[in-house]
Amino acid sequence: MKKVWPVCGFALSAVLLVLFSKAAEKPQGAVPQFAEQGRLLRPEGYRKWVFVSAGYGMSYSQSSGGMQMFTNVFVTPRAYDYFVANGKWPDKTMFVLEIYGSTSRGSINKHGSYQTDLAGLDVEVKDEARFPDKWAYFNFSETAKTASADAPSKNDCWKCHEQNAAVEHSFVQFYPELLKIARAKRTIKPGLRLEE
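Here the structure is a predicted model, which is why all the values come from computation and not from measurement.

Here is what the cut-offs are and how they apply
- Residues numbered from 1 in each chain as written.
- Predicted model: local features only at pLDDT ≥ 70, side-chain atom pairs only at ≥ 80, totals over all residues.
- Heavy atoms only, no water.
- Phe/Tyr/Trp six-rings, centres within 6.5 Å; stacked < 30°, edge-to-face > 60°.
- Helix = DSSP H or I, 4+ residues; strand = E, 2+ residues; numbered from the N terminus.
- Buried < 20%, exposed > 50% of the residue type's maximum accessible area, 1.4 Å probe, protein only.
- Lys NZ or Arg CZ within 6 Å of the ring centre and 35° of its normal.
- Lys, Arg positive; Asp, Glu negative; His and termini not counted.
- Salt bridge = Lys/Arg side-chain N within 4 Å of Asp/Glu carboxyl O.
- Polar contact = N/O pair within 3.5 Å; in protein donor to acceptor, adjacent residues only side chain to side chain.
- Contact = heavy atoms within 4.5 Å.
- Core = buried A, V, L, I, M, F, W, Y, C linked by side-chain atoms within 4.5 Å.
- Axes fitted to C-alpha atoms, helices over the stretch in contact; angles between N-to-C directions.
- Parallel < 35°, antiparallel > 145°, perpendicular 65-115°, else oblique.
- Nonpolar A, V, L, I, M, F, W, Y, C, P; charged D, E, K, R; others polar.

Caption draft 1: Region of the structure containing the packing of aromatic side chains. Under the counting rule described, the total for this entry stands at nine aromatic pairs. Both rings, one in Tyr46 and one in Phe74, keep their centres 5.5 Å apart while their planes meet at 65°; by these two values the pair is edge-to-face. You can see Tyr46 sitting in the loop between strand 1 (40-41) and strand 2 (50-56) and its partner Phe74 sitting in strand 3 (residues 70-75), a full 28 residues away along the chain. In terms of burial, Tyr46 and Phe74 fall into one category: buried. In textbook terms, an aromatic cluster arises when at least three aromatic residues are bridged by ring pairs, as seen for Tyr46, Trp49, Phe51 and Phe74. Between Arg130 and the ring centre of Phe34, over which it is positioned, the NZ or CZ distance is 3.6 Å.

Caption draft 2: Main features of the side chain of Glu124. Positionally, Glu124 belongs in strand 5 (residues 114-126). Lys189 is the oppositely charged side chain nearest to the buried, salt-bridge-free Glu124, at an N-O distance of 9.0 Å. Here the side chain of Glu124 touches Tyr137 through a polar contact of 2.9 Å, side chain to side chain. With residues up to four places along the chain from it excluded, the contact list for Glu124 reads Thr93, Met94, Phe95, Trp135, Ala136, Tyr137, His161, His169 and Ser170.

Caption draft 3: Representation of the nonpolar core within the structure. Among the nonpolar cores identified, the biggest contains 19 residues, and Phe83, Trp89, Phe95, Val167, Val172, Tyr175 and Leu178 are the most heavily contacted of them. Among the elements that make up this core, the one with the highest residue count is helix 4 (residues 176-185) (four residues). Those residues within four positions of Leu178 in sequence are excluded, and the remaining contacts are Val52, Tyr80, Phe83, Trp89 and Val172. Formed by 16 residues, the second largest nonpolar core is a distinct cluster that contains Leu40, Phe74, Leu121 and Ala147.

Caption draft 4: Focus on the packing of helix 2 (residues 77-86) against helix 4. One way to put it is that helix 2 packs onto helix 4 with a least axis distance of 8 Å and a crossing angle of 40°. The orientation of helix 2 relative to helix 4 falls into the category oblique. When helix 2 is examined against helix 4, the residues Tyr80, Phe83, Val84, Ala85 and Asn86 are found in contact with a partner set consisting of Leu178, Ile181, Ala182 and Lys185. Residues that form the contact of helix 2 with helix 4 fall into these classes: seven nonpolar, one polar and one charged.

Put into structure tokens, the structure is as follows:
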């Protein structure tokens with residue numbers, strides 16, 4: 001009987017070690033977390049999520065003024081895996097859009113542009129129980145830990161995504177690998193023009 005306890009203790013330690021190591025592998029903030037008054041907590045560890053695309057100097061209006069900005073888009077791994085299998089987004093999907101300034105002068109660079117300082121962080125959340133319109137948009141300042149959803153729910157971001165996004169509220173038309181999946185799964189919004 002005395003030998004059973006060390007074996008059981010060893011087995012339990014091994015199981016706990018495996019569980020803790022698996023938990024450590026998962027990116028933090030994989031589902032939206034909310035504080036009081038429905039404020040979204042700034043997603044932590046999103047740079048470990050799936051990087052879906054980047055943009056440079058993109059604008060949805062005819063006027064092009066000001067500094068050309070870089071954008072980087074990340075989505076939660078669980079949502080990405082679901083999209084790959086189904087061509088649409090599951091509930092609790094969360095996208096992060098980083099916005100960075102740009103420059104072409106610095107260090108040894110002679111041509112082209114690169115990213116500089118963080119200018120903003122936008123988060124898009126799909127939560128069918130929390131939001132009557134399923135999707136909501138949050139803008140974080142550089143240091144803000146929480147943000148309220150842009151209100152009313154059908155604000156400019158919501159309207160633009162509703163009208164122009166290729167799959168649900170996501171601009172898959174700008175994410176080449178996801179666009180291939182959406183075409184194969186036939187989940188692109190009917191009648192949406194992807195090329196001009």
